[in-house]
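# Structure at a glance
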Amino acid sequence: MKVGTAFGARFLILIPMAYCIFLLLDSQDKSIRLLALIGLIVLEQIREWVLISSMRELSKDNKASGK
């Protein structure tokens, strides 16, 4: 099922997000903290896009099966 892999891919994005949060909290360099913050914003947008596309696919599957 493609929806399951889409949700799995969404959770795989959490690993680099956790690393960005670590850098944001641990680093003393302002440029690294800024890059980590930008990375977090971009990764969250990607995560939301994957969620929306998987929900659309799930909706299409439900309409095709007649539920």
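Across its full length, the chain carries 3 helices and 0 strands. Helices and strands in the chain line up, N terminus first, as α-α-α. Taken across its 67 residues, the chain has 19% of its residues classed as buried. Here the analysis covers contacts within the chain between residues at least 6 apart in sequence; of these, 60% occur between residues at least 24 apart.

We now examine the side chain of Arg 47. Residue placement: Arg 47 occurs in helix H3 (residues 30-65). Once residues lying within four places of it in the same chain are set aside, the contact partners of Arg 47 are Arg 10, Ile 13, Leu 14 and Met 17.

Below, the discussion takes up the nonpolar core. Ranked by size, the top nonpolar core spans 6 residues in total: Ile 13, Met 17, Cys 20, Ala 36, Leu 40 and Leu 43. Put simply, the parts of the chain that give this core at least two residues each are helix H2 (14-26) and H3. Of all the elements, H3 adds the most residues to this core, at 3 residues. Those residues within four positions of Cys 20 in sequence are excluded, and the remaining contacts are Ala 36, Gly 39, Leu 40 and Leu 43.

This brings us to the pattern of salt bridges. Pairing is possible between side chains that carry opposite charge, provided their charged atoms lie close to one another. Evaluated as defined, the whole model comprises 1 salt bridge. A salt bridge links Arg 47 to Glu 44, with the shortest nitrogen-to-oxygen separation between them at 3.6 Å. Of this pair, Arg 47 and Glu 44 both sit in helix H3, separated by 3 residues, roughly a single helical turn.

Reading the values: the criteria
Counting restarts for each chain: residues are numbered from 1 in the order of the written sequence. Since the coordinates come from a predicted model, pLDDT governs what is reported: local features require at least 70, and pairs of side-chain atoms require 80 or more to be given and counted, while whole-chain, interface and lining totals use all residues. With hydrogens and water set aside, each side-chain value is computed from the structure's full complement of heavy atoms. Put simply, DSSP H or I for four residues or longer makes a helix, DSSP E for two residues or longer makes a strand, and each gets a number counted from the N terminus. Only protein chains enter the accessibility calculation, which uses a 1.4 Å probe; a residue is then buried when its area is under 20% of its type maximum, exposed when over 50%, and partly exposed in between. In what follows, residue pairs with any heavy atoms lying within 4.5 Å of each other are defined as contacts. Only buried Ala, Val, Leu, Ile, Met, Phe, Trp, Tyr and Cys residues count toward a nonpolar core, and they belong to the same one when joined by side-chain atoms within 4.5 Å. Take a side-chain nitrogen of Lys or Arg and a carboxyl oxygen of Asp or Glu: if they are within 4 Å of each other, that pair is a salt bridge.

Interpretation in functional terms is not warranted from these geometric data alone.
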